[in-house]
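Here is what each chain is made of, one letter per residue.
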Amino acid sequence: MSTVITEWARKHSRALLSLFILVAIGGLIVSRSVPVSLFPHVEFPRIVVSVDVGDIPAKQMVTDITLPLEKALRAVPGVKNIKSTTSRGSAELSVSFSWQDDMTQAMLLIQSAINQHMYQLPAGLQFEVRRMDPTIFPVLAYSLHSPHLNLVELKDLAQFDLVPRLSGIQGLAKATVLGGKDAEFRLVINPDRLFAYSLSLTDVANALKQHNQLTSVGRIEQQHQLYLLIANAQMNSINDIAATVIANRNNNPIKLSDIADVYLTTSPVWQTVTADGEQSVLVQVYQQPAGNTTQIVADVKAAIADFINQAPADLSIKPWYDQSELIKHAAMSVVEAMVIGVGLAAIVLWVFLRNSRTVMIAMCVVPMSVATTILLLHVAGMSFNIMTLGGMAAAIGLIIDDAIVVIEHIMHKLSTRKRDEKNAILQACSEIARPLTGSSAATVIIFAPLAFLDGVTGAFFKALSLTIAISLIASYTLAWLVVPLLATKWLSTKKLGSDVNSTSSLQRVYQQVLKACLNKKRLIVIPSVVLALVCYQSFLKVGTGFMPKMDEGGFVLDYRAEPGTSLNETNQLLAKLEKILQQNPAVDTYSRRTGLQLGGGLTEANEGDFFVKLKPLPRAPIDQVMSDIREQVNQQVPQLEIELVLLMEDLIGDLTSVPQPIEIKLFGNNADELLQTADSIAQLIARVKGVVDINNGSNIAGNSIEFVIDQQKAALKGVSPVWVAEQARRWFDGDVVGQFRDTQKNIDLRLWVPPSARNNATNLDGIWLKTPQGQRLALKELVSIKQTQGEPQVTRENLKRLVAVTARIENRDIGSTVREIKSLISTSQLLKKDMYFELGGLYQQQQQAFSGLITVFISAVAILFTLLLYLYEDFLICIAILSVALLAAGTVFIGLWLTGIDLNITAIMGMTMILGIVTEVAIFYFSQFKQLAEQGLSTSEALQQAGHDRIRPILMTTLAAILSLTPLAFAMGQGAEMQQPLAVAIISGLLVQLPLVLLIAPGLYTTLLKLTKSPTFKP
């Protein structure tokens, strides 16, 4: 069959070459239109529901809102887990589904379930439902600052000029504005004048609402025209507002200016946004899930450049986050690694074959394979991201392997059949076709089990594995069909190198060593056992992680001040922190949010986050920068609790609802005991080396002052508790009674009392109310003052109360750290009788990922065994090949231990790939052995001759693969760290591949033959 296909390909060589060239050109063309993003497009199976209902106390929130919503959402089909966090006036519910579920449908079901139960919930409740995917973080963000424009003008400039310019950019989902201030007309009532005219705040509010109107009152046909009738009582200036008639006393109109001062100011804010120490306005750009990040960023930058030309001269617009920079650096690192790797592989070809034309053939196949891969990725709807680009870089060594094997075998045949070149090439291709197909299948089919892998591992690494599989299929096709055609055109016996058999001395030495190994089994057993023991010891010593840490050029710093700390006091503390950032030589720029968070979520006025952008490399490593800043903040600003985290780790944490590596979830029924135990556990784990940024799970809202209404006194005065509460709200919080319609926006009209009358809520002297019956009444007659401590946030999971102690890890692996923590908690006897704990966080994600990858690894072994059995119909060959493949996979632990890299999901992927790579090489060897054995050679002779024939191509492919992966192993360039564990793992197995396949496997096979007394054994 292979001979027929090879002959057919030779007859249609021009058509085939043209076809493959067109495919490669197509790949180059579509490469310009393939979307570029940081991560593959993944819909995480999580829906977040954010609820806002004013300032209801947390305990009442749980009873009236959170619990009914939890029960309603629990009934939605497909829901696996519900976790809620409830604070004063707000709640957030995280609803988890299976990875196979349609999240668009799930979101609609969640919205429907909430709407069906709205009648049971308090009036005025607002909710937002959003899906979680990597686009919840901005791809580009700017800060706007001006020494002459105030924060209202800056916000208006961003909102009404800059954002509309960006909204038409293709692929952009939204551009949001944070910070700044909103203009507001303040109507400051003089209480004495108010009561002198026998008016109340309610009277003034109703009058203002009645006057500021623009209403259609009908239509009329007149003089052959249709007219719209409009009743216009709008306020067109501040004088109109002041002249509003509030009441009429004895035919004398009482105007607003008679009882209030009217002026333009800004609305109250409980949030602060700064950039580089200056109050600023932030513009954050978000992309659509399938958007092209680099193109979106380029279009936004062009739009901003055009905007700057028309903006005020002193306006400063500075980028504080640009995701495209990391993408470009990562892509450049991958391209550089590919170019260097291919160059090193070309040197290997030249050293062994001493023929420039063979190098040219191989160098033609590699870019054609890459271009074909790009075309197929485009057809599959995939994007360029750190996973697909890394997959292409990791596949380079395997791509060139197929070409090397075919070229070497052609060169071997040409050197033995110098008079019949075309038939020699045809025979070489026919002979190599079966082992080439089997070996390529061995490296491709190990990725099949990944299709059933879910979780974060499946979400991110399916893209990598699919890219590698596509690359290998493309390289196999080109090696089988294109390489022989190019060899026919470019190679001949006249142009063979003079030193084509340069490895003859190596072959002789190898045959002697193999013969000794076959005769003296201890030469095989002892090294194998020693290697296995070293692998086991390395396994015990190597640390375990989750995802590789990557220098992204920036990090997130979360902070929290003491509960109840005012916004002004929080800002003063943060000024000290900002000074630390400004003095760090590695910091380029930063932005700060207080009362807000970059990724959303419940946030009080005493907490928020920074995004710190570092200067380009070369500079101090990001881990060192973060450690230095953490230490300085802990020493100089101990009033702040901080947490420093890499952006990608923070993003994955937010997407999976498990932001920290360490999360100790304490479940119990007594809230006070849970908080006390959590604090004790936080102090306990602080003794563990490497544990930093510890949070005891107690997030307490600020203290409150309660106006306890005496219902009996209120009833005697003819008013209700609701009326009393409404009057107190108007007095202390003001009342937005309408809006002034400006050209671009509506400006609120806030009715309020002077600051001197409302700045002390514990002194109610001078607070007079007018009842609906016209009676003047002092507020202190109806209420008493009670100060209460702030309530902690209430966290629940599947209707069970919990407190989560969280922490991060510095300069240590996750596995050993968590083992020590588990041991401490188990022996501490801190847990009360009705309490229990579970471990969550990224550690839980790691355990789930490892479990899935171990299943993939075992499945790959089973699939390879089936393939080998199909190829050889010989159990002993299958056992011999898989034994050395598993031993090679074990050497990954040695490589990781020596390089100080944790065993993470990327390294396990490399370990799985080693199974296929070593099996691929072993197939070449044993296919030659079977062919020689069928020709009548004894087992020993066939094994030795097979090694003699295959040592050169195996040595060439091994060296080429190692050298092509070396740039990735050294992680040269920003963003290259993601594929480093994969490269180190593969290189570790490749370093022992040669002796394992050419010495250990033959020795093991003959030993098994003797032990089983197989009739196929011929001494």
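Here, residues in each chain are numbered from 1, in the same order as that chain's written sequence. The predicted nature of this model means local features are confined to residues of pLDDT at least 70 and side-chain atom pairs, given and counted, to a pLDDT of 80 or more, with totals for whole chains, interfaces and linings taken over all residues. Hydrogens and water molecules were not included; the side-chain quantities draw on all heavy atoms of the structure.

Asker: For this particular structure, what's the right way to read the overall build of the protein chain?
Answerer: Secondary structure summary: the protein chain contains 30 helices and 31 strands in total. By principal-axis analysis of the C-alpha atoms, the protein chain measures approximately 125 × 80 × 55 Å. Looking at the protein chain as a whole, 57% of its 1019 residues qualify as buried. Counting only contacts in the protein chain whose residues sit at least 6 apart along the sequence, the fraction spanning at least 24 positions is 80%. Summed over all atoms, the accessible surface of the protein chain reaches about 43700 Å², with 54% contributed by carbon and sulfur. Averaging the positions of the 84 positive and the 85 negative side-chain charges in the protein chain gives two centres separated by 9 Å. Strands are runs of DSSP state E lasting at least 2 residues, helices are runs of H or I lasting at least 4, and numbering of each runs from the N terminus. Think of it in three bands: residues with accessible area under 20% of the maximum for their type are buried, residues over 50% are exposed, and the middle band is partly exposed, with areas taken using a 1.4 Å probe on protein chains only. The contact criterion used throughout is that any non-hydrogen atoms of two residues lie within 4.5 Å. Each accessible area is a Shrake-Rupley estimate made with a 1.4 Å probe; only the visible protein chains count as cover when residues are assessed. The charged-residue count follows a simple rule in which Lys and Arg add positive charge and Asp and Glu add negative charge, with His and chain termini not counted at all. Lysine's charge is taken at NZ, arginine's at CZ, aspartate's at CG and glutamate's at CD.

Asker: Honestly, the sheet that holds strand E7 (residues 183-189) in this entry has me stumped. Any pointers?
Answerer: As a general point, the strands of a sheet are linked pairwise by backbone hydrogen bonds and lie either parallel or antiparallel. Ordered in space as E12-E7-E25-E24, the four strands form an open sheet in which the pairing is mixed. Edge positions in the sheet fall to strand E12 (260-266) and strand E24 (735-741), since each of these pairs with one other strand and no more. Taking each pair of neighbouring strands and ignoring which way they run, the sheet shows an average axis angle of 25°. Alignment of E7 against E12, held across seven bridges, turns out to be antiparallel. By the bridge assignment for E12, Arg186 is matched with Tyr263. Two strands pair if DSSP finds at least two bridges between them. Between N-to-C directions, angles cover 0 to 180 degrees, with each direction set by a line fitted to C-alpha atoms, over the stretch in contact for helices.

Asker: So what exactly am I meant to see when it comes to the packing of aromatic side chains here?
Answerer: Each pair of aromatic rings is reported with the distance of its centres and the angle of its planes. What counts as a ring pair is set by centres within 6.5 Å for rings of Phe, Tyr and Trp (its six-membered ring), and what kind of pair is set by the plane angle: stacked under 30 degrees, edge-to-face over 60, tilted for all other angles. Per the counting criterion, the structure on display carries 15 aromatic pairs. Aromatic side chains Phe865 and Phe875 sit 6.0 Å apart centroid to centroid with 35° between the ring planes, which places their arrangement in the tilted category. Of this pair, Phe865 sits in helix H26 (residues 841-872) while Phe875 sits in helix H27 (residues 875-899); the two residues are 10 residues apart in sequence, bridging distant segments of the chain. The class for Phe865 is partly exposed, based on a relative accessible area of 26%. Assessed through its relative accessible area of 52%, Phe875 is described here as exposed. Should the NZ of a Lys or the CZ of an Arg lie within 6 Å of a ring centre and within 35 degrees of the ring normal, that charge is described as sitting over the ring. The side chain of Arg750 reaches across the aromatic face of Trp752, ending 5.6 Å from its centre. Seen from the ring of Trp752, Arg758 lies directly overhead, with NZ or CZ sitting 3.5 Å from the centre.

Asker: Explain unusual backbone geometry here, please?
Answerer: In this structure, Gln223 takes a positive phi of about 55° despite not being glycine. One can find Gln223 in the loop between strand E8 (214-222) and strand E9 (225-232). Gln223 gets classed as exposed once you look at its relative accessible area, which sits at 64%. The backbone phi angle of Gln829 is positive, close to 60°, even though this residue is not glycine. Of the residues examined, Gln829 reaches a relative accessible area of 73% and is grouped as exposed.

Asker: What is the right way to read helix H25 (residues 814-828) from this model?
Answerer: In this scheme, a helix's expected span is set at 1.5 Å multiplied by one less than its residue total. With 15 residues, H25 should reach 21 Å at 1.5 Å per residue; the first-to-last C-alpha distance of 21 Å fits that figure. When H25 is considered as a whole, its buried residues turn out to be Ile814, Gly815, Ser816, Thr817, Val818, Ile821, Leu824 and Ile825. Definition of a polar contact: a pair of N or O atoms within 3.5 Å, with one able to donate and the other able to accept a hydrogen when the atoms are protein atoms, and with sequence-neighbouring residues admitted only if both atoms are side-chain atoms. Here H25 starts with a cap whose side-chain oxygen sits 3.2 Å from the backbone nitrogen of Gly815, and that cap is Asp813. Residue Gln829 follows H25 closely and has a positive phi angle near 60°.

Asker: Explanation requested: the sheet that holds strand E17 (residues 554-560) in the structure shown.
Answerer: Spatially, E14-E13-E18-E19-E17-E20 is the arrangement adopted by the six strands of the open sheet, whose pairing is antiparallel. Of all the strands in the sheet, the pair left with one neighbour each is strand E14 (278-279) and strand E20 (641-646). Here strand E18 (residues 587-594) runs beside strand E19 (residues 607-614); their pairing, made up of seven bridges, is antiparallel. Bridging from a neighbouring strand, Tyr590 pairs with Val612 of E19. Lying on the sheet, helix H18 (residues 567-583) is in contact with strand E13 (272-275), E17, E18, E19 and E20; it crosses E18 at an angle near 170°.

Asker: For this particular structure, what's the right way to read the packing of H26 against helix H28 (residues 905-934)?
Answerer: The relative placement of two packed helices is expressed as an angle between their axes plus a distance between the axes. Their axes nearest at 10 Å, the elements H26 and H28 cross at an angle of 10°. Between H26 and H28, the angle is such that the two are roughly parallel. Nonpolar residues are Ala, Val, Leu, Ile, Met, Phe, Trp, Tyr, Cys and Pro. Charged residues are Asp, Glu, Lys and Arg, and all others, Gly as well, are polar. Counted by class, the contact of H26 with H28 contains 19 nonpolar, four polar and one charged residues. Geometric relationships in this document are graded by angle, where less than 35 degrees denotes roughly parallel, more than 145 denotes roughly antiparallel, 65 to 115 denotes roughly perpendicular, and other angles denote oblique.

Asker: I keep staring at the pairing of strand E1 (residues 44-52) and nothing clicks. Help me out?
Answerer: Side chains on a regular strand alternate between the two faces of the sheet. Taken across its nine residues, E1 has eight buried, putting it largely inside the fold. Here E1 runs beside strand E4 (residues 126-132); their pairing, made up of seven bridges, is antiparallel. Its bridge partner being in E4, Ser50 is matched across the sheet by Glu128. Two strands pair when backbone bridges link them, and E1 and strand E3 (residues 90-96) are joined in this way by seven bridges, in the antiparallel orientation.

Asker: How should the confidence of the model for the protein chain be read in this particular structure?
Answerer: Detailed conclusions should not be drawn from predicted coordinates in areas where pLDDT is low. Mean pLDDT for the protein chain: 85, with 95% of residues reaching 70 or above. Residue-level confidence of the predictor is summarised by pLDDT, bounded by 0 at the bottom and 100 at the top. Here helix H1 (residues 2-11) is the element of the protein chain with the lowest mean pLDDT, 64, and H27 is the one with the highest, 93.

Asker: Got a minute to help me understand empty space enclosed by the protein in this structure?
Answerer: Where empty space is left can be seen by rolling a probe of water-molecule size over the atoms. With a 1 Å grid spanning the protein atoms alone, the term cavity applies to any set of points in which a 1.4 Å probe fits but cannot get out, the term pocket to an open set with protein on both sides within 12 Å along at least five of seven lines, and the term lining residue to any residue with an atom within 4 Å of a point. Grid points are joined across faces, edges and corners, and a volume is the space filled by probe spheres set on the points. Across all of its chains, the model carries seven cavities of 30 Å³ or more by this definition. Counted as a void, the largest cavity has a volume near 110 Å³. Residue composition of the lining of the largest cavity, grouped by class: six nonpolar, six polar and one charged.

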